[in-house]
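Coordinates in review
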There are 2 protein chains.
Amino acid sequence: MQIISNSFTEENYLKAIHKLSRKNPTGVSTNSIAEVMETKASSVTDMVKKLAVKKLINYKKYQGVTLTEKGRKAAVSVVRKHRLWEVFLVHSLGFKWDNVHEIAEELEHVQSDELVDKLDKYLGFPKYDPHGDPIPDSEGNITYHKDMCLSDLDPSEAGVVVGVKDSSSSFLQYIEKMKLILGAKVRVEEIIDFDRSMSISINGKLVGSISESVAKNLYIKRT
Amino acid sequence: MQIISNSFTEENYLKAIHKLSRKNPTGVSTNSIAEVMETKASSVTDMVKKLAVKKLINYKKYQGVTLTEKGRKAAVSVVRKHRLWEVFLVHSLGFKWDNVHEIAEELEHVQSDELVDKLDKYLGFPKYDPHGDPIPDSEGNITYHKDMCLSDLDPSEAGVVVGVKDSSSSFLQYIEKMKLILGAKVRVEEIIDFDRSMSISINGKLVGSISESVAKNLYIKRT
DNA sequence: AATTAATTTTAGTCTAATCTAAAAATTATA
DNA sequence: TATAATTTTTAGATTAGACTAAAATTAATT
Ligand SMILES: [Mn+2]
Ligand SMILES: [Mn+2]
Ligand SMILES: [Mn+2]
Ligand SMILES: [Mn+2]
């Protein structure tokens, strides 16, 4: 099998399709890809045609797309690089976790396989990135552990923060200020019917209330 | 002053022009740029027009180009990133020095200034890259120290290897096999008139003979 | 089932970067 | 200095990726 590398743009599309495939395993819509890629649906159609020719995705007009095994491997490889670089930026270089996503967005496209594997070793084969997302192994396997959100807990239930769904700077800064960082023990004290906001305590201390939208973006392991 | 970032291609052109400017301070020819960039002269003409519009170079038809201060800063920034990443690859990740140039060629285009400065600090503010080339400081200053080649020495003169002119894998592998690595003490024993090849000793031990072309690609500090 | 709404695709245009072939300018040489 | 050789620029085409506007298809509502 010859190795033909994909362009930055192609890699970003593959990554977007891979991300969307978790919620839409039977087929990812043109519009949803356009939204993630911050582009127009017509541009997506052009690109998916090209990716289909390269056998990276399965595409039939109007039917949505799925990744082929080749495409999945390519997508996961980019995800692996992204998350390993994020670990490097935070743990080696001392970046804050809310400041690494954009840089990793560039670093993830650097080609060398040897580089990725040496970086992985250098970092001590980390399992999770700074946002709690699992790092795929060099074979392309990912072990997801995050299926429950803080918003899924009922009053008096508790859990540990294991990840964030939204990696935007503003969200990360907000939850850091609230001490809702990875590893924090959260207990739901009360849920307000009106807007589904909840008052919570962290590590045993009452800290106030957070909106439903915030609770939906925090992954929890129930205790 | 607004910060408008340059494309990979523009950065590579600026780097090429900067490199050629050392030998041609009064103006770099279209053809010489084409050679370094491995492209056609007509493509160079198109690009230099664009770089001139962006005030990165001075360009008058048929006259050759020079970097503006803005262009010089941009070029040196890329060089700085290239060399710092090479140090990281060799010293942190354990790459061989003959295997880092291509990877650095990609890494040099990652944008963040904060990244470069944190990397610089992480590496202990190195002065030279693995090939002996000086690393520009964050202000854009470069202190060149390499003006003499091994081929400039006369018989019975000696010096220390401080850098290589050619960073190709094959050259680096050859001189490593010859133990002609950075820091090696070289003494010229004899120069053959016929082809200007020289027999040398390294660290006091006679090692045989090298061609003039090899000697021309080794920077030396005379002792 | 028919109509409306939403989604998706097509057609045509644009920009960046490249190329070939030909014209223009410069440099070297007789 | 006139001619030839070399270098550089222009003209015109191509490709990747994106966009707008319009057509085609599918989904949702009467
Ligand atoms: Mn990216
Ligand atoms: Mn992350
Ligand atoms: Mn480069
Ligand atoms: Mn180097």
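Up top is the structure these notes are about.
This report concerns the structure included in the present document. (Residues numbered from 1 in each chain as written. Chains lettered and ligands numbered in written order. Predicted model: local features only at pLDDT ≥ 70, side-chain atom pairs only at ≥ 80, totals over all residues. Heavy atoms only, no water.)

1. Quick word on the interface of chain B and chain A
Each partner contributes residues to the interface: chain B has 21 residues there, and chain A has 21 residues. Roughly 1,700 Å² of surface becomes buried between chain B and chain A when both sides are summed, with 74% attributable to carbon and sulfur atoms. For chain B, the biggest contributors to the area lost against chain A are L93, E106 and Y122 of chain B; these three give 28% of the whole. The tally of links from chain B across to chain A stands at 0 salt bridges. (Contact = heavy atoms within 4.5 Å. Buried area = accessible area lost by both parts, 1.4 Å probe. Salt bridge = Lys/Arg side-chain N within 4 Å of Asp/Glu carboxyl O.)

2. Quick word on the coordination of the manganese ion (ligand 2)
All names here are of chain A. The protein atoms donating to the manganese ion (ligand 2) are E86 (OE), D129 (OD) and H131 (ND1), with metal-donor distances spanning 2.1 to 2.3 Å. Spacing between the donor residues of the manganese ion (ligand 2) along their common chain follows E-x42-D-x1-H. Of this pair, E86 sits in helix α4 (residues 69–92) while D129 is found in the loop between α6 (113–122) and β3 (158–164), placing the two residues 43 residues apart along the sequence. Judged by its relative accessible area of 5%, D129 is buried. (Donors = N, O, S within 2.8 Å, 3.2 Å for Na, K, Ca; no water. Helix = DSSP H or I, 4+ residues; strand = E, 2+ residues; numbered from the N terminus. Buried < 20%, exposed > 50% of the residue type's maximum accessible area, 1.4 Å probe, protein only.)

3. A closer look at the protein's contact with DNA strand C
The environment of DNA strand C is formed by 21 residues, the closest being K49, Y59 and K61 of chain A together with T39 and K50 of chain B. Protein-adjacent atoms of DNA strand C, using a 4 Å cutoff, are sugar or phosphate at a proportion of 75%. Between S43 of chain B and DNA strand C, the recorded distance is 2.8 Å, taken from a side-chain N or O atom to a phosphate oxygen. Looking at the surface near DNA strand C, the elements that each hand over two or more residues are α2 (30–37) and α3 (41–53) of chain A together with α1 (8–21) and α3 (41–53) of chain B. No other element matches α3 of chain B, which puts 5 residues into the surface near DNA strand C. Split into classes, the residues belonging to the surface near DNA strand C amount to 6 nonpolar, 10 polar and 5 charged. (Near = heavy atom within 4 Å. Polar contact = N/O pair within 3.5 Å; in protein donor to acceptor, adjacent residues only side chain to side chain. Nonpolar A, V, L, I, M, F, W, Y, C, P; charged D, E, K, R; others polar.)

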